[in-house]
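# Overview (structure and organization)
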Amino acid sequence: MDIKQINEEEVAANEFEVRALLSEILTANFSDIEGDFAGAYYDKLIVFLQNGTAILFGAFDRGQLVGILWGYEVDNFDHKRIHINMIGVKSDFRGQGVATELMHAIEHIAVLRNICELELMVNACNDRAVRCYQKGGYYVERYKMLKVLSK
Ligand SMILES: CC(C)(COP(=O)(O)OP(=O)(O)OC[C@H]1O[C@@H](n2cnc3c(N)ncnc32)[C@H](O)[C@@H]1OP(=O)(O)O)[C@@H](O)C(=O)NCCC(=O)NCCS
């Protein structure tokens with residue numbers, strides 16, 4: 001597996017795969033959303049790559065894009081963190097350590113930037129992803145709680 005940081009030109013060259021991965025990530029985490037949010041995220045990703053705020057890694061198997069990790073820097077009071085916004089691996093390639101390699105790649109960027117904290121949000125029901133992050137050393141820092149009002 002070839003893990004490398006990719007720019008907007010490489011995203012455009014792999015547009016179909018990037019859109020499909022974004023769609024899978026959103027479906028895995030927000031089962032109740034409707035509409036083309038993956039398309040909106042794709043457009044945002046291009047803008048954030050162009051303005052230099054997005055950090056995007058791709059996992060390539062013999063030239064085919066099979067996984068992505070999209071992160072960016074955030075301020076956490078007096079220090080910076082890297083927020084992992086999206087991570088997804090094509091279904092045929094899951095369970096082979098691809099996400100783990102992508103997470104190592106962004107940790108390397110964090111070290112280069114002198115950032116020593118990474119954070120992410122995950123749907124509590126997404127067991128695979130939760131296990132993947134726990135195995136990678138992540139723990140629960142805060143709970144995001146929700147109440148739905150009847151209409
Ligand atoms: C979550 C996801 C990114 C993991 O990618 P992956 O490449 O399969 O993960 P890895 O192979 O690196 O696995 C790392 C660890 O995750 C856990 N894991 C992975 N697949 C699992 C499965 N099917 N069941 C249970 N645990 C699993 C294991 O602890 C695994 O370590 P191990 O293989 O040594 O036991 C992938 O399943 C995915 O793309 N899911 C859909 C999109 C998504 O939910 N993204 C997360 C958004 S927050």
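See the structure printed just above.
Bear in mind the structure is a predicted one, so any value in this text is a computation, not a measurement.

For the rest of this paragraph, the subject is the site of the ligand. Taken together, 21 residues surround the ligand, and among them Ala-28, Arg-94, Ala-99, Thr-100 and Cys-132 come closest. Those elements giving two or more residues to the shell around the ligand turn out to be helix 2 (15-29), strand 4 (79-89), helix 4 (98-112) and helix 5 (127-135). Element by element, the count of residues in the shell around the ligand is highest for helix 5, at five residues. Partitioning the shell around the ligand into residue classes produces nine nonpolar, seven polar and five charged.

Turning our attention to the environment of Asn-126. Residue placement: Asn-126 occurs in the loop between strand 5 (118-120) and helix 5. Separated by 53 residues in sequence, Asn-126 and Glu-73 place their C-alpha atoms 24 Å apart. Excluding its chain neighbours within four sequence positions, the residues that come into contact with Asn-126 are Ala-28 and Asn-29.

We now examine the sheet that holds strand 2 (residues 54-61). Taking strand neighbours across the sheet as the criterion, the five strands line up as 1-2-3-4-5 in an open arrangement whose pairing is mixed. This sheet does not close on itself; its edge strands, each paired only once, are strand 1 (2-5) and strand 5. Strand-to-strand twist in this sheet, taken as the mean axis angle between neighbours without regard to direction, amounts to 30°. Across four bridges, strand 1 lies against strand 2 in antiparallel orientation. Bridged to Ile-3 within strand 2 is Ala-59. Contacts between helix 3 (residues 37-50) and the sheet are confined to strand 2 and strand 3 (64-76), with strand 2 contributing the most and set at about 115° to the helix.

Before going further, it helps to examine unusual backbone geometry. With the exception of glycine, most residues fall at negative phi, and the peptide bonds are largely trans. Here Arg-62, not a glycine, exhibits a phi torsion of approximately 45°, which is positive. The residue Arg-62 is located in the loop between strand 2 and strand 3 in this model. Within the chain, Phe-77 stands out as a residue other than glycine whose phi angle is a positive 55°. Structurally, Phe-77 can be placed in the loop between strand 3 and strand 4.

Okay, the packing of helix 2 against helix 3 next. In a pair of packed helices, the angle between the axes and the distance between the axes together describe the arrangement. Taken N-terminus to C-terminus, the directions of helix 2 and helix 3 make an angle of 125°; their axes are 9 Å apart at the nearest point. Put simply, helix 2 runs oblique to helix 3. Considering only the axes of helix 2 and helix 3, their crossing is right-handed. Taken together, the residues of helix 3 that come into contact with helix 2 (itself represented by Val-18, Arg-19, Leu-22, Ser-23 and Leu-26) are Phe-37, Ala-38, Gly-39, Tyr-41 and Tyr-42. Partitioning the contact of helix 2 with helix 3 into residue classes produces seven nonpolar, two polar and one charged.

Attention shifts here to the nonpolar core. Core analysis: the biggest nonpolar cluster contains 28 residues, and Leu-56, Ile-68, Leu-69, Ala-99, Leu-102 and Ile-106 have the highest contact counts within it. Secondary-structure elements contributing two or more residues to this core are helix 2, helix 3, strand 2, strand 3, strand 4, helix 4 and helix 5.

This part is about helix 4. In a regular helix each residue adds 1.5 Å, so 15 residues correspond to 21 Å; helix 4 covers 22 Å between its end C-alpha atoms and thus fits that length. Along helix 4, the residues classified as buried are Val-98, Ala-99, Leu-102, Met-103 and Ile-106. Seen end-on, helix 4 carries its buried residues on one side only, within an arc spanning 135°. In helix 4, those exposed residues whose orientation departs by more than 90 degrees from the buried face are Val-111 and Leu-112.

Calculation notes
Residues numbered from 1 in each chain as written. Predicted model: local features only at pLDDT ≥ 70, side-chain atom pairs only at ≥ 80, totals over all residues. Near = placed C-beta within 6 Å. Helix = DSSP H or I, 4+ residues; strand = E, 2+ residues; numbered from the N terminus. Nonpolar A, V, L, I, M, F, W, Y, C, P; charged D, E, K, R; others polar. Contact = placed C-beta atoms within 7 Å. Pairing = 2+ DSSP bridges. Axes fitted to C-alpha atoms, helices over the stretch in contact; angles between N-to-C directions. Parallel < 35°, antiparallel > 145°, perpendicular 65-115°, else oblique. Left-handed = near helix turned anticlockwise from the far one by under 90°. Core = buried A, V, L, I, M, F, W, Y, C linked by C-beta atoms within 7 Å. Buried ≥ 20, exposed ≤ 12 C-beta atoms within 10 Å, placed from the backbone. Expected span 1.5 Å × (residues − 1). Arc of directions from axis to C-beta.

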